[in-house]
Amino acid sequence: MAIGRPMSTSRRRVPAARTRTATARVARICCAGLLVLVASCSGRSPSTLSPAGPGARRVAGLWWLLFGISAVVSVVVTLLLLWAMIRRRGPGVVPHPGSGTRFVVSLGVIVPAIVLTFVYAIGLRDMRALEAPRGADSLVVEVTGHQWWWEVRYPAHGAVTANEIHIPAGRPVLLRLRTADVNHSFWVPQLMVKTDMIAGRTTQMWLQADRPGTYRGQCAEYCGLQHGRMAFHVVADPPAAFTSWLANQARPAAEPREAMAARGRQVIQSASCASCHTVRGTSAAGRRGPDLTHLASRRHLGAGTVPNTPGHLGGWIADSQAVKPGNQMPPQPLSPEDLRSLIAYLGTLR
Amino acid sequence: MQVIDANEAHAAAQSSAGDRVAAKWPEEGGLKGWICTVDHKRIGRRYMVTASVYFTLAGLQALVMRIQLAVPNAGVVTPDRYNQLFSLHGTAMIFLFATPMLFGFGNFLFPLMLGTRDMAFPRLNAFGYWIFAGAGLIMFASLLFDAAPNGGWFAYVPLTGPRYSEGANLDVYTLGLLFLGVSTTAGAINFIATALKLRAPGMALNRMPVFVWTLVATSFMVVFALPPLNTANAMLFMDRRFGTHFFQAPAGGDTLLWQHLFWLFGHPDVYIIVLPALGIVSAIVPTFSRRPIAAYPLVVLATVATAVIGFGVWVHHMFAVGLPQLSLAFFSAASVVITIPAGIQIFSWLATMLTGRVVLSVPLLWVAGFIVLFVLGGVTGVMFAMVPFDQQVTDSYFVVAHFHYVLVGGAVFPILGGLFYWWPKFSGRMTSPRAGRWAFAITFIGFNLAFFPMHISGLLGMPRRIYSYPEDLGWDAWALLSTIGVHVLTLGLLITLATLLISLRRGAPAPPDPWGGETLEWATSSPPPTYDFAVIPRVHGLAAAWDTRTLESLVDADEDRVLADGHKVLRTSELDGERERAMEMPEDTPVPFVAAVFLFLAVVGLLLDWMFLAVVAFAAAALTFAWWLWPRGAPPRRSRAEGASA
């Protein structure tokens, strides 16, 4: 075989010592990165690696297993590659054409086949484990995705709310997922893997939080203009607190005690609000927007966009388009007094 | 006879037959020549240049997106514009850059690697290019009218259906992709026919270069994968324009049908892109390891196996849509199995290098970078084959990281390595190795800075495709790091571009075989003449340009392999590459250009709902095809069994 003219061979070899320090540096950087990673899992981050429920915890365990295997594979391949690039250079090295098949069959076929079979079995085991728990008493919550908010119903109790799902801590809850328009995906990274909401179908999943707490969720299937502002919160309550929360949410709106709030109720029934929103116990019975019967009990407005304070509420009513452009609620040209009384009334809807 | 190298063999062939063959392969300059050419090298270069322009545009879109995401709650672009940017970025990178770029490599290299003088269907080749250029024009121009696709690159219904997507955005998507599909299909058929019928005599299938194998496998995949996509796009277009209900759930249609049809194309498409890129790696590694690729039969089998199994994994894009667990278990298994062929190829390159003599050239650096990135993308790919893990992090930034490692690491790095490797052949100029090393180093660092943090932000629960995000969710630092990384990456790519462009002006003229290459393209001048080879070689081994008997066949010019009596190539048998007969090839013609222009006008007419224009232009295109294919006096001694070749 006639091989073409040799390439320049003047390049110096990298001294072994320098390689070692470089390796050590890389190792240090990796460790630092991992520390930062772990550190950033705490706090408010909806991290899959700080699971707060049995589903997410199982997947986090699967991740660390896969991460370990992946790290070994990547390091082995990289080392082999570096070895070839550093030690197989220079005029003294003689190529061995024709060899290598055994290497390829063992490292490229047999070893991966064994490892992958093992990994696949673990994956199947965990997939089955995420199935609905057997014999669990079934609190059913219906969640319907809308562009760009979440409707939440407790059908057995008649409670309706939006963008905030309360569940009893330590108990599995069955979610029935639907969409009113386009596809969405229901994802609370700290609690459970995501499930899509598919137009024309009902999907389901279960959700369980170990401890009381608030867990952020967000739509994970691109659903149009404001896909980026379609968050929600799952609030896991102690069982007693949950029961009273649910009973409260099932009740119609309280009668306003003050004149200003009473005027606010007039506004909501007579202005365009009622064509989209429901306040149970009043004549406002629209179905397009979130149920407002207990709006004041919720923590956020606009599907997690802004905190639910009187200031933000006023801004939202007057011109929600400035807060969340393209959302389906048109600006409301209310007089200042109407707006103020409306805010006062909504503030009583606890 | 003494041992010769590819440079000497080329010189001997050129002096014995060059002038006689050149007379039959004229090249016309000027605008007319530019429009009429059917030369595979000019068309191949054109594909690559156009695809690079589209790559730059789609890359700039990504840059804007990363600037928007650098800090929480930014307002650099409106949500609507952001959604158009990411939709067009993905669509363009997949459809208008990756595949056409690799088709450009293939068009330039196929006849050269196979030891022939043109593609099997040169006019179809020219036609394919014009269609591709036109489809890209439509899709990018739409951004100027705020009408770029805005449904994501997989355009899920009902969001993209008539009810939730007004405006022309999604018509640009469906019609643009249908139009482009004509080009891709034509190219694929051309590759298959060329590889099966025009190989140099003696090049049995088991001596065909791996790059050719990979692009043939890709072409077969294109032929089977595009019909579902075209069907889906045609149905969506009809739903939107004519009120049909294929995907309209309230009227009894099915939204999941779109997902199945799309991914039945979409996952094979990943391999359609990656396989030829792996083929580039399989071309570079042996040359710079000074030995043929290790376990060649296994690598070819792995390629073919990937092309087959690639059609059985699409549901892993749909693990979160609530399908029965039994089917999830099946598709999970298939997705695990398909990593084995990839492993075979990685360990084959490693074996080749470990048992060869490694030359650390710039192309090999890109390949080394590729191997690291592709393994990282591969291991996260295995993670996504695990149903529960997929359900947790799909549609998060983790999947964004994963597919950029696979597609940028697995395809763009080999493409850039391939550009440095074949640049002397493409342009006739050598590039600066020093600049090439800098380009590689900065691109590699920038890429990892940009995309590695996305694994972490995904694990931290950050969904993809959000135009903005609140602060304090643990995402800020990683997002900022990504944005910084993208700027470094951009710098690396700019240095790459500058290195290549400067070489065109200042680079040293390239000899025929600057690297001591393994395959036949190195046994002709750089850039090759219109006829590629003065003497068609007779192949005696796998590493043809290292094989003495093959090189000697260029010296001992046998008139049967010179074919100086016409504009001819040699037709050989499919399996063993045995000589069948010489075949006259078509000359330059404007007909493919004219046909493409009429089709372009027809698509524009459909898009703007100017039905008169659409109908007239379709009719004109049909007449042009009739003119193109009209039999004009059979060439002498062509029997019925042997069909026409234009």
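Being a predicted model, the structure only gives us computed values, none of them experimental.

Visitor: What should I look at first to understand the overall build of chain A in this one?
Guide: Check the secondary structure of chain A and you find seven helices and 12 strands. Within chain A, counting contacts between residues at least 6 apart in sequence, those at least 24 apart form 62% of the total. For chain A, the exposed surface amounts to about 16100 Å²; the carbon and sulfur share of it is 61%.

Visitor: How do you make sense of the packing of aromatic side chains when you look at a structure like this?
Guide: One pass over the full model with this rule turns up 69 aromatic pairs over all chains. The aromatic ring of Trp187(A) is capped on one face by Lys194(A), whose charged end is 3.8 Å from the ring centroid.

Visitor: Mind showing me how you'd approach the sheet that holds strand S10 (residues 231–237) of chain A here?
Guide: Either a parallel or an antiparallel arrangement is found when strands of a sheet pair, and the pairing is made through backbone hydrogen bonds. All names here are of chain A. A sheet is described by the order of its strands in space; here three strands give the open sequence S4-S10-S9, paired in mixed fashion. In the strand order of this sheet, the two ends are held by strand S4 (164–168) and strand S9 (213–218), each with one partner. Adjacent strand axes in the sheet meet at a mean angle of 25 degrees when their direction is disregarded. Taken together, the five bridges between S4 and S10 define a ladder with parallel strand orientation. By the bridge assignment for S10, Ile165 is matched with Val234.

Visitor: Got a minute to help me understand the interface of chain B and chain A in this structure?
Guide: Reports often express the size of an interface as the amount of accessible area lost when the parts come together. Counting from both sides, the interface comprises 103 residues of chain B and, opposite them, 94 residues of chain A. Counting each side, the surface lost to burial between chain B and chain A is near 8100 Å², with a carbon and sulfur contribution of 68%. Where chain B meets chain A, there are one salt bridge. Between the two partners, chain B and chain A, sit 25 residue pairs in polar contact (both at pLDDT 80 or more). Broken down by element, the residue count for the side of chain B that touches chain A peaks at 11 residues, all from helix H11 (residues 339–354) of chain B.

Visitor: Sorry, what's going on with the UniProt feature "domain: Cytochrome oxidase subunit I profile" (unreviewed entry) in chain B here?
Guide: Per the UniProt annotation, the sites labelled "domain: Cytochrome oxidase subunit I profile" (unreviewed entry) are residues 34–540 of chain B. Taken end to end, residues 34–540 of chain B comprises 69% helix and 0% strand; its first and last C-alpha atoms sit 37 Å apart.

Visitor: How should the nonpolar core be read in this particular structure?
Guide: Nonpolar side chains tend toward joint burial in soluble globular proteins. One finds Phe186(A), Phe105(B) and Phe389(B) to be the most contacted residues of the largest nonpolar core, which totals 273 residues. No other element matches helix H4 (residues 79–114) of chain B, which puts 21 residues into this core. Ignoring anything within four residues of it in the chain, the contact list for Phe105(B) reads Met48(B), Phe211(B), Ile280(B), Ile415(B), Gly418(B), Leu419(B), Trp422(B) and Phe426(B). Tyr531(B), Val535(B), Val562(B) and Ala564(B) belong to the second-largest nonpolar core, a separate cluster that totals 21 residues.

Visitor: Would you mind going over the sheet that holds strand S8 (residues 203–207) of chain A with me for this structure?
Guide: All names here are of chain A. With respect to topology, five strands assemble into an open sheet ordered S3-S2-S1-S5-S8, the strand pairing being mixed. Each end of this open sheet is capped by a strand with a single partner; those strands are strand S3 (159–162) and S8. Averaged over neighbouring strand pairs, the angle between their axes works out to 25 degrees when direction is ignored. Across four bridges, strand S2 (residues 149–154) lies against S3 in antiparallel orientation. Each residue of the ladder has a partner; that of Tyr154, found in S3, is Ala159.

Visitor: Sorry, what's going on with the packing of helix H10 (residues 325–337) of chain B against H11(B) here?
Guide: Between two packed helices, both the angle of their axes relative to each other and the distance between the axes serve to describe the pair. All names here are of chain B. Closest axis-to-axis distance for the H10/H11 pair is 4 Å, and the angle between their directions is 5 degrees. One finds that H10 runs roughly parallel with respect to H11. Residue-level contacts link Ser335, Val336 and Val337 of H10 to Thr339, Ile340 and Pro341 of H11. Tallied by class, residues from the contact of H10 with H11 come to four nonpolar, two polar and no charged.

Visitor: Is there a simple way to explain the pattern of salt bridges in this structure?
Guide: Close approach of charged atoms lets side chains of opposite charge pair. Under the counting rule described, the total for this entry stands at 26 salt bridges over all chains. Among the ionic pairs, Arg125(A) bridges to Asp126(A), the shortest N-O distance being 3.1 Å. Put simply, Lys568(B) and Asp565(B) hold a salt bridge, and the shortest N to O gap is 3.1 Å. One salt-bridge network, held together by shared partners, links Asp171(B), Arg240(B), Arg241(B) and Asp609(B).

Visitor: What am I meant to see in a nonpolar patch on the surface here?
Guide: Among the surface-exposed residues, Ile110(A), Val111(A), Ile114(A) and Val115(A) lie close enough to one another that they form a single nonpolar patch of about 320 Å² accessible area. Within the secondary structure layout, Val115(A) lies in helix H3 (residues 101–129).

Visitor: I would appreciate a short explanation of the state of the cysteines in the present structure.
Guide: Covalently bonding the sulfur atom of one cysteine to the sulfur atom of another cysteine gives a disulfide. All names here are of chain A. All chains considered together, the criterion is met by zero disulfides over all chains. Unpaired in this structure, Cys276 has its nearest cysteine sulfur neighbour in Cys273, at a distance of 9.0 Å. Under the relative-accessibility criterion, Cys276 is labelled partly exposed at 23%.

Visitor: How do you make sense of the side chain of Glu164(A) when you look at a structure like this?
Guide: All names here are of chain A. Along the polypeptide, Glu164 turns up in strand S4. Residue Glu164 is classed as buried on the basis of its relative accessible area, which comes to 4%. At a separation of 2.9 Å, a polar atom in the side chain of Glu164 contacts the main-chain amide nitrogen of Arg299. Sequence-distant contacts of Glu164, defined by excluding residues within four places in its chain, comprise Val152, His233, Val235, Ser297, Arg298, Arg299 and His300.

Visitor: Help me understand the pairing of strand S1 (residues 568–572) of chain B in this model?
Guide: One face of the sheet, then the other: side chains in a regular strand alternate in exactly this way. Residue and element names in this part refer to chain B. With five of five residues buried, S1 is to be regarded as a mostly interior element. Along S1, one buried face is formed by Lys568, Leu570 and Thr572 and the opposite face, lined by Val569 and Arg571, is buried too. Where S1 lies against strand S2 (residues 579–584), five bridges are found, and the strand directions are antiparallel. Each bridged residue has a counterpart across the sheet, and for Leu570 the counterpart in S2 is Ala582. In textbook terms, the turn of a hairpin is the stretch between consecutive antiparallel strands, and for S1 and S2 this stretch comprises six residues, one of which, Gly577, has a positive phi near 65 degrees.

The rules behind each value
Residues numbered from 1 in each chain as written. Chains lettered and ligands numbered in written order. Predicted model: local features only at pLDDT ≥ 70, side-chain atom pairs only at ≥ 80, totals over all residues. Heavy atoms only, no water. Helix = DSSP H or I, 4+ residues; strand = E, 2+ residues; numbered from the N terminus. Contact = heavy atoms within 4.5 Å. Areas by Shrake-Rupley, 256 points an atom, 1.4 Å probe, with all protein chains shown as cover. Phe/Tyr/Trp six-rings, centres within 6.5 Å; stacked < 30°, edge-to-face > 60°. Lys NZ or Arg CZ within 6 Å of the ring centre and 35° of its normal. Pairing = 2+ DSSP bridges. Axes fitted to C-alpha atoms, helices over the stretch in contact; angles between N-to-C directions. Buried area = accessible area lost by both parts, 1.4 Å probe. Salt bridge = Lys/Arg side-chain N within 4 Å of Asp/Glu carboxyl O. Polar contact = N/O pair within 3.5 Å; in protein donor to acceptor, adjacent residues only side chain to side chain. UniProt positions renumbered as here; feature names shortened; annotations may be inferred. Core = buried A, V, L, I, M, F, W, Y, C linked by side-chain atoms within 4.5 Å. Buried < 20%, exposed > 50% of the residue type's maximum accessible area, 1.4 Å probe, protein only. Parallel < 35°, antiparallel > 145°, perpendicular 65-115°, else oblique. Nonpolar A, V, L, I, M, F, W, Y, C, P; charged D, E, K, R; others polar. Patch = residues over 30% accessible without salt bridge, like charges linked within 9 Å, V, L, I, M, F, W, Y side chains within 5 Å. Disulfide = S-S within 2.5 Å.

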